[in-house]
Amino acid sequence: MTAKFYIVGNWKMNQKLEDINSFFNDLGEFSTERQYEAWLAPQAIHLPTLLEKAKPLKIEVGSQNISDNDSGAHTGETSPSSLLDAGGSFTLVGHSERRAIYKETDEFINRKTLLSLEKGLTVIFCCGETLEEREKGMTESVVGHQIEDGLKDIPENLREKIIVAYEPVWAIGTGKTASPEQAEEVHLFIRTKLTELWDGTLAHKIPLLYGGSVKPANVEGLLIQQNIDGALVGGASLKGADFKALCDAADKRSKIPGQLQG
Ligand code: PEP
């Protein structure tokens, strides 16, 4: 358990302007006095709209993807410095849809991670196994390699700006959530891996988020686990009322005494 809980909405390639308006109308009363973090990653084109609407509510805004270059001839890409300049504070890196559809490799993901951290962004580093890999008993070796290769050579002073999101591919957008125990087992493995790679004190400060069909009905059971510090949420983050319900669960969880670290 780290110092704070996180609810991060990944809107993917969804939400038109009118949906965004409805989202904020449906959020209802959204306190800015809170112990947990609420973040949103819209499509890049909606970043300015989101910043205008979310910042007053102290919701951080970030990108779903980022370039491994900071400027120049890279048509269609988003530069880390430009994201920061526009008011964004974080980026997802290595989402399974980027790995599977756009063939992003661990080495490429590592370059994006390093550059984003160097420029000052927080990186939500995503990892997770496919159903086939899980069924073959390869979960730990797959996730372990993704972490070793994707987080290679991160300078010590930048490591605290990393959040790891464990997202089993078979649970993303499928309605199949990993059980809290299944998720906790892999989160504990990730925490141990980070302890081996870096050190225990730091590893206990890195927030570990679970992602994969999280919704208001199952979030509490996940957040109560010792090594689950929040959720990265796709589908259930699109509606303001659902996002609010997820945030309420994080708020409730934040108020349960525990051994908060960091
Ligand atoms: C995601 O895309 O990061 C995700 C977890 O999606 P969903 O919540 O829809 O499974």
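Each value, and the rule that gives it
Residues numbered from 1 in each chain as written. Predicted model: local features only at pLDDT ≥ 70, side-chain atom pairs only at ≥ 80, totals over all residues. Heavy atoms only, no water. Salt bridge = Lys/Arg side-chain N within 4 Å of Asp/Glu carboxyl O. Buried < 20%, exposed > 50% of the residue type's maximum accessible area, 1.4 Å probe, protein only. Pairing = 2+ DSSP bridges. Helix = DSSP H or I, 4+ residues; strand = E, 2+ residues; numbered from the N terminus. Axes fitted to C-alpha atoms, helices over the stretch in contact; angles between N-to-C directions. Contact = heavy atoms within 4.5 Å. Near = heavy atom within 4 Å. Polar contact = N/O pair within 3.5 Å; in protein donor to acceptor, adjacent residues only side chain to side chain. Areas by Shrake-Rupley, 256 points an atom, 1.4 Å probe, with all protein chains shown as cover. Phe/Tyr/Trp six-rings, centres within 6.5 Å; stacked < 30°, edge-to-face > 60°. Lys NZ or Arg CZ within 6 Å of the ring centre and 35° of its normal.

Draft legend 1. The arrangement of unusual backbone geometry in detail. The phi dihedral of Lys58 falls on the positive side, at around 60°, and the residue is not glycine. Look at Asp153: it is not a glycine, yet its phi comes out positive at around 60°.

Draft legend 2. Up close: the pattern of salt bridges. Overall, the coordinates contain 18 salt bridges when judged by the stated rule. When the shortest N-O distance is used, the salt bridge between Glu104 and Arg98 registers 2.9 Å. For Glu104, a relative accessible area of 7% corresponds to the buried category. When salt bridges that share partners are traced, they join Asp68, Glu107 and Arg111 into one network.

Draft legend 3. Structural detail: the sheet that holds strand β2 (residues 37–41). With parallel pairing, 8 strands are arranged side by side around a closed barrel as β1-β2-β3-β4-β5-β6-β7-β8. Taken over all neighbouring pairs, the strand axes of this sheet differ in orientation by 25° on average, direction set aside. Where strand β5 (residues 122–127) and strand β6 (residues 162–166) come together, 5 bridges link them in parallel fashion. The partner of Val123 across the bridge, within β6, is Ile162. Against the sheet, helix α8 (residues 180–197) contacts β5, β6 and β7 (208–211), and its axis sits at roughly 145° relative to β7.

Draft legend 4. A look at the site of the ligand. With respect to spatial proximity, 14 residues lie near the ligand, and among them Lys12, Glu167, Gly173, Ser213 and Gly234 are the closest. Take Lys12: an N or O atom from its side chain is 2.6 Å from an oxygen atom of the ligand. Within the complex, 96% of the 290 Å² of free accessible area of the ligand lies under protein.

Draft legend 5. Region of interest: the packing of aromatic side chains. Inspection of every chain in the model, using the stated rule, returns 6 aromatic pairs. Ring centres of Phe23 and Phe24 lie 5.1 Å apart, and the angle between their planes is 75°; on these two criteria the pair is classed as edge-to-face. With respect to burial, Phe23 and Phe24 carry one shared label: buried. Three or more aromatic residues link up through ring pairs in this structure, and these residues are Trp11, Phe23, Phe24 and Phe243. For Arg34, the ring lying beneath its charged end belongs to Tyr36, and the centroid distance is 5.4 Å. Positioned above the aromatic ring of Tyr102, the side-chain terminus of Arg98 is 4.2 Å from the ring centre.

By themselves, these observations are geometric and do not establish any function.
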